[in-house]
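# Results of the structural survey
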Amino acid sequence: MKRMKIFLVLASLAFATGAYAQTTKLNDAQIAAIVVAANTVDINAGKLAEKQARDKQVQGFGRQMVTDHTGVNKQATDLVNKLKLRPEESDASKKLKEDGDTAVNRLKKLKGKDFDKAYIDNEVTYHQAVIDMMDKTLVPDASNAELKDLLKKVRPSFVAHLDQAKTIQASLK
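What you are looking at is a predicted structure, and each value in this text was computed from that prediction instead of being measured. (Residues numbered from 1 in each chain as written. Predicted model: local features only at pLDDT ≥ 70, side-chain atom pairs only at ≥ 80, totals over all residues. Heavy atoms only, no water.)

## What to know about the overall build of the chain
Convention followed: Labels follow the DSSP assignment, with helices taken as runs of H or I lasting at least four residues and strands as runs of E lasting at least two, numbered in each case from the N terminus. Note on exposure labels: buried denotes an accessible area under 20% of the residue type's maximum, exposed denotes more than 50%, and partly exposed covers the range between, all computed with a 1.4 Å probe on protein chains only. Only heavy atoms enter the contact rule, under which two residues are in contact if any of them lie within 4.5 Å. Accessible areas in this description were obtained via Shrake-Rupley with a 1.4 Å probe; residue shielding takes into account the shown protein chains only.
Summing up its helical and strand segments, the chain has six helices and zero strands in all. The N-to-C order of helical and strand elements in the chain reads α-α-α-α-α-α. For the chain, with 173 residues in total, the buried portion stands at 49%. Counted over contacts in the chain with a minimum sequence separation of 6, partners at least 24 positions apart contribute 84%. Element-wise, carbon and sulfur atoms account for 54% of the exposed surface of the chain, whose accessible area totals about 8,600 Å².

So, in structure tokens, the structure goes:
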């Protein structure tokens, strides 16, 4: 039941950010804030998985999420500083943070196999939502060529994370 609630939170996250982004064109400052928020959400969940997961694959995946998404955040921050762009909160970035915090708080209440399964289910849903947002909104809306290139450059990592999470998800069943 708790896993289902986490899934529903993330499904609402995907819907809310997608619905917002489809009706409102984002500017580069808003896109920068979304990129940082999306990576921070996964870093926080990954840190929890490092500590709380029972399954070694899940722990390793959590550790990889912290490393990889910290790296993407550094690239994004470096680019934002180079462009003298100040990230600007939007409904989408606020919703990402809020739903990410809610998911982590729910995950904190789970233990053992329940945690492992819920975390990986969360990662599958989350990475798919972020990839969809990148494809449908962030890349098309980005007006700065360097920002657009960064988004395109990091997309394969998100796809690889999704594929890896799906593989782990299948092994946990």
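From this point, the narrative continues.
## Some remarks on empty space enclosed by the protein
What counts, and what does not: Every definition here rests on a 1 Å grid over the protein atoms only: cavities are sets of points where a 1.4 Å probe fits but cannot get out, pockets are open sets enclosed by protein on both sides within 12 Å along at least five of seven lines, and lining residues have some atom within 4 Å of a point. Grid points are joined across faces, edges and corners, and a volume is the space filled by probe spheres set on the points. Residues are grouped as follows: nonpolar covers Ala, Val, Leu, Ile, Met, Phe, Trp, Tyr, Cys and Pro; charged covers Asp, Glu, Lys and Arg; every other residue, Gly included, is treated as polar.
For the coordinates displayed, the defined rule picks out three cavities of 30 Å³ or more. Here the largest cavity defines a volume of roughly 80 Å³. If you go around the largest cavity, the residues you meet are Val-35, Ala-38, Asn-39, Val-72, Val-130, Met-134, Leu-138, Leu-150, Leu-151, Val-154 and Phe-158. Contributing elements (two or more residues each) for the lining of the largest cavity: helix H2 (28–52), helix H5 (112–141) and helix H6 (145–172). Top element by residues in the lining of the largest cavity is H6. It accounts for four residues. When grouped by side-chain class, the residues that make up the lining of the largest cavity number 10 nonpolar, one polar and no charged. Put simply, the second largest cavity is a space of about 50 Å³.

## Quick word on the packing of aromatic side chains
Note the following rule: Each Phe, Tyr or Trp ring, with Trp reduced to its six-membered ring, pairs with another whose centre is within 6.5 Å; inter-plane angles below 30 degrees give stacked pairs, above 60 give edge-to-face pairs, and intermediate values give tilted ones.
Per the stated rule, a full pass over the model turns up two aromatic pairs. Ring centres of Phe-61 and Tyr-119 lie 6.3 Å apart, and the angle between their planes is 65°; on these two criteria the pair is classed as edge-to-face. Pair noted here: Phe-61 is in helix H3 (residues 56–83) and Tyr-119 is in helix H5, with a separation of 58 residues, a long-range link. Across the pair, exposure class does not vary: Phe-61 and Tyr-119 are buried alike. Ring centres of Phe-115 and Tyr-119 lie 6.0 Å apart, and the angle between their planes is 5°; this geometry places the pair in the stacked category.

## Observations regarding the environment of Gln-57
Along the chain, the position of Gln-57 falls in helix H3. Exposure remark for Gln-57: the relative accessible area of 39% places this residue in the partly exposed category. It is 7.0 Å that separates the C-alpha atoms of Gln-57 and Ile-168, two residues lying 111 residues apart in sequence. Here Gln-57 is in contact with Ile-168 and Ser-171, once residues within four sequence places are set aside.

## Describing the pattern of salt bridges
Applied cut-off: By convention in these notes, a salt bridge is any Lys or Arg side-chain nitrogen within 4 Å of a carboxyl oxygen on Asp or Glu.
Taken as a whole and judged by the stated rule, the model has eight salt bridges. Taking the shortest distance from any N to any O, the salt bridge between Asp-141 and Lys-25 comes out at 3.9 Å. Taken as a pair, Asp-141 in helix H5 and Lys-25 in the loop between helix H1 (2–23) and H2 lie far apart in primary sequence, 116 residues in all. The class for Asp-141 is buried, based on a relative accessible area of 12%. Residue Asp-99 pairs with Lys-95 through a salt bridge whose shortest N-O separation is 3.3 Å. Taken as a pair, Asp-99 and Lys-95 lie in helix H4 (residues 91–108) at a separation of four residues, close to a single helical turn. Salt bridges here are not isolated pairs; linked through shared partners, they connect Lys-95, Glu-98 and Asp-99.

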